[in-house]
Amino acid sequence: MTEQAGEAVPPAQRSSWASFLKSIASCPPFILSPVSLTEFPAYWCEHPELFSAIADQNSEEQRTLAVVKWFISTLKGQYTSRNESMGSEKKPLNPVLGELFYGKWPDLNGRGETELLVEQVSHHPPITAYAIENKSKGVKLVGHNAQKTSFSGGSIIVKQLGHATLTVKLPSGDVAEYLITLPRLRIDGLWYGAPYIELSETSWIVSKSYVCSVEYKGKGYFSGKTHSFKATLNPAPGFGGSLGSHVVEGTWHTTSKFTSGPKTGLEFHNVTGPKEEVTAIGGHTSGEMGEFETRQLWKLVAKGIREGDFDMASREKSKIENDQRQRRKDELAAGTKWPLKHFVHVDSDPTYERLGKLGKISPATEDMYVFQENWPPVA
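Naming follows an unreviewed UniProt entry, where the protein chain appears as Oxysterol-binding protein of Lentinula detonsa. Here the protein chain is described in UniProt, under the heading Sequence similarities (unreviewed entry), as follows: "Belongs to the OSBP family."

> Where do I start with the overall build of the protein chain in this structure?
When helices and strands are counted, the protein chain shows 8 helices and 18 strands. Going through the 379 residues of the protein chain one by one, you find that 51% of them count as buried. Counted over contacts in the protein chain with a minimum sequence separation of 6, partners at least 24 positions apart contribute 56%. Looking at the protein chain as shown, the accessible area adds up to about 18,300 Å², and 52% of this sits on carbon and sulfur atoms.

> How should I be thinking about the packing of aromatic side chains in this particular structure?
Geometrically, a pair of aromatic rings is defined through the distance of the ring centres and the angle of the planes. In this structure the tally under the stated criterion is 10 aromatic pairs. Considering the side-chain rings of F292 and W338, the 5.2 Å spacing of their centres and the 45 degrees angle between planes classify their relative orientation as tilted. Separated by 46 residues along the polypeptide, F292 in the loop between β16 (279-281) and α5 (294-297) and W338 in the loop between α7 (310-334) and β17 (343-346) bring together distant segments of the chain. Between the aromatic rings of F371 and W375, the centroid separation amounts to 5.3 Å while the plane-to-plane angle is 80 degrees, which identifies the pairing as edge-to-face. Both residues of the pair, F371 and W375, belong to the buried class. Among the aromatic residues, ring-to-ring pairing joins W44, F51, W70, F71 and Y130 into one connected group.

> Can you help me understand the packing of helix α6 (residues 299-306) against α7 in this one?
α7 packs onto α6 with a crossing angle of 160 degrees between their chain directions and a minimal axis gap of 7 Å. In terms of their interaxial angle, α6 and α7 are classed as roughly antiparallel. Where α6 crosses over α7, the handedness of that crossing is left-handed. For the pair formed by α6 and α7, the contact residues are L300, V301, K303, G304 and I305 on the first element and F310, M312, A313, E316, K317 and I320 on the second. The residue makeup of the contact of α6 with α7, split by class, is 7 nonpolar, 1 polar and 3 charged.

> What's the story with α6 in this structure? I'm lost.
Burial in α6 covers these residues: V301, A302, G304 and I305. Each buried residue of α6 sits inside an arc of 160 degrees when the element is viewed along its axis, so together they form one side. Considering only its buried residues, α6 is in contact with β1 (32-36), β2 (91-93) and α7. Phi turns positive, to about 75 degrees, at G308, one or two residues after α6.

> Can you walk me through the nonpolar core in this structure?
One broad rule of soluble globular proteins: the nonpolar side chains tend to lie buried together. If you look at the biggest cluster of nonpolar residues, it comprises 50 residues, and the most contacted ones within it are W44, W70, F71, I72, L141, L166 and I180. The element that contributes the greatest number of residues to this core is helix α3 (residues 60-79), accounting for 9 residues. In this structure, I72 is in contact with V214, F229, W252, F268 and H269, ignoring residues within four places of it in sequence. Residues L100, L117, V142 and Y369 belong to the second largest nonpolar core, which totals 13 residues.

> Would you mind going over the pattern of salt bridges with me for this structure?
Where charged atoms from two side chains of opposite charge come close, those side chains can pair. Counted under the stated rule, the structure contains 14 salt bridges. In this structure, E373 and K140 form a salt bridge, with 2.6 Å as the shortest nitrogen-oxygen distance. Separated by 233 residues along the polypeptide, E373 in the segment after β18 (368-371) and K140 in strand β6 (residues 139-152) bring together distant segments of the chain. Its relative accessible area of 41% is what places E373 among the partly exposed residues. Look at K140 and you get buried, because its relative accessible area is 18%. Measuring nitrogen to oxygen at the nearest pair gives 2.5 Å for the salt bridge that ties K317 to E321. On the criterion of helical spacing, the pair formed by K317 and E321 is a turn pair, its members being 4 residues apart in helix α7. Residue classification places K317 among the buried positions, given a relative accessible area of 9%.

> Sorry, what's going on with the environment of L297 here?
For L297, the location among the structural elements is in helix α5. Linking L297 and K317, residues 20 residues apart in sequence, is a C-alpha distance of 9.9 Å. Beyond its immediate sequence surroundings of up to four residues, L297 is in contact with V96, E99, E291 and I320.

> Just to check I follow, could you spell out unusual backbone geometry for this structure?
The bulk of non-glycine residues show a negative phi, and the bulk of peptide bonds are trans. A cis amide bond links H124 to the next residue, P125, at an omega of 0 degrees. Counting through the fold element by element, P125 comes out in the loop between β4 (114-123) and β5 (126-134). For the bond from S362 to P363, the omega torsion is 0 degrees, close enough to zero to count as cis. Tracing the sequence through the fold places P363 in the loop between α8 (350-359) and β18. Within the chain, H227 stands out as a residue other than glycine whose phi angle is a positive 65 degrees. Within the secondary structure, H227 is located in the loop between β11 (210-217) and β12 (228-235).

> I would appreciate a short explanation of the pairing of strand β8 (residues 175-180) in the present structure.
Consecutive side chains along a regular strand alternate between the two faces of the sheet. In the sheet, strand β7 (residues 155-169) pairs with β8 via 6 bridges, with the strands oriented antiparallel. Along β8, the bridge assignment pairs T165 with L179. Between the end of β7 and the start of β8, which pair antiparallel, lie 5 residues, with G173 showing a positive phi angle near 100 degrees. Where β8 lies against strand β10 (residues 196-206), 2 bridges are found, and the strand directions are antiparallel. Counterpart to I180 in the pairing with β10 is I205.

Scoring rules and cut-offs
Residues numbered from 1 in each chain as written. Predicted model: local features only at pLDDT ≥ 70, side-chain atom pairs only at ≥ 80, totals over all residues. Heavy atoms only, no water. UniProt positions renumbered as here; feature names shortened; annotations may be inferred. Helix = DSSP H or I, 4+ residues; strand = E, 2+ residues; numbered from the N terminus. Buried < 20%, exposed > 50% of the residue type's maximum accessible area, 1.4 Å probe, protein only. Contact = heavy atoms within 4.5 Å. Areas by Shrake-Rupley, 256 points an atom, 1.4 Å probe, with all protein chains shown as cover. Phe/Tyr/Trp six-rings, centres within 6.5 Å; stacked < 30°, edge-to-face > 60°. Axes fitted to C-alpha atoms, helices over the stretch in contact; angles between N-to-C directions. Parallel < 35°, antiparallel > 145°, perpendicular 65-115°, else oblique. Left-handed = near helix turned anticlockwise from the far one by under 90°. Nonpolar A, V, L, I, M, F, W, Y, C, P; charged D, E, K, R; others polar. Arc of directions from axis to C-beta. Core = buried A, V, L, I, M, F, W, Y, C linked by side-chain atoms within 4.5 Å. Salt bridge = Lys/Arg side-chain N within 4 Å of Asp/Glu carboxyl O. Pairing = 2+ DSSP bridges.

Set out below in structure tokens:
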């Protein structure tokens, strides 16, 4: 059966959908999500027990395996869960400069509370910085993310820019560091109004002791499974005699197992069960959300999208965008810049440079946003 453009959109909404697409001509041609991109770092921790468990490992080998297991378990939430909840991949709302999102996952079964902080640190180009921390366990993730898009054969190719660093405070007083790079994305199904994401190429997880490559492959024309991956963990130079090698294969949105090494045949990860969504919190001492906090800022736009009232969504979205344009004009006239609240930009990340060499990661250097450790006050 031949598919028609937009056929994944409910029939009653196709007229307003078409008008809506015209009103957001600067965006790729599919329906916006009611969720801002500033909420996306929460996907890093939809399995907070795995994030917490990294600190419970007694050896560098087991700790690295725990880091990789946690990372693979984040991919389903980051790249396929919106297809499950909304029917297809939706373009997130483009955050405004200074947009904020705060959240937490509660302490359950002794895992400790995990906090989330996100700030939109740049609008042109869009860059989102984030920090996730379980203070009681001594585990923290800090990173930033941006996207560079191109079109190829009816697909959108998204090169993810930026990286994250995971740190673990060890009982010895030392700090273990793990550099995490991001996979490349391919978005297909655009013409039919039912976009979906496939990961491609290779991302890396590197510590001073281990180098892990994660290769992604989608379903080809004649073979292969959707969302397949192969993670290969090898000791870093100088550690080959004391640490073991491991290979893990499977599909990142379901399950995987060890296919080489001392654990061959054992299950590695399983994300077929329930996830745990973040609880959004206000950044004010009172617990209320300020005007630049995501869910307050986009409240009416999100309402219009969820209810299929794309006229309201477009109108409210335009109000926000026009306000932002005026703010930038005023800043230019005054010779000032928007002050970041939680992060400071530096041109080069020494951890990226040092660990990146072990994996021969390209580019050899990247900038970073240094978290100022200024968590919002607890209500």
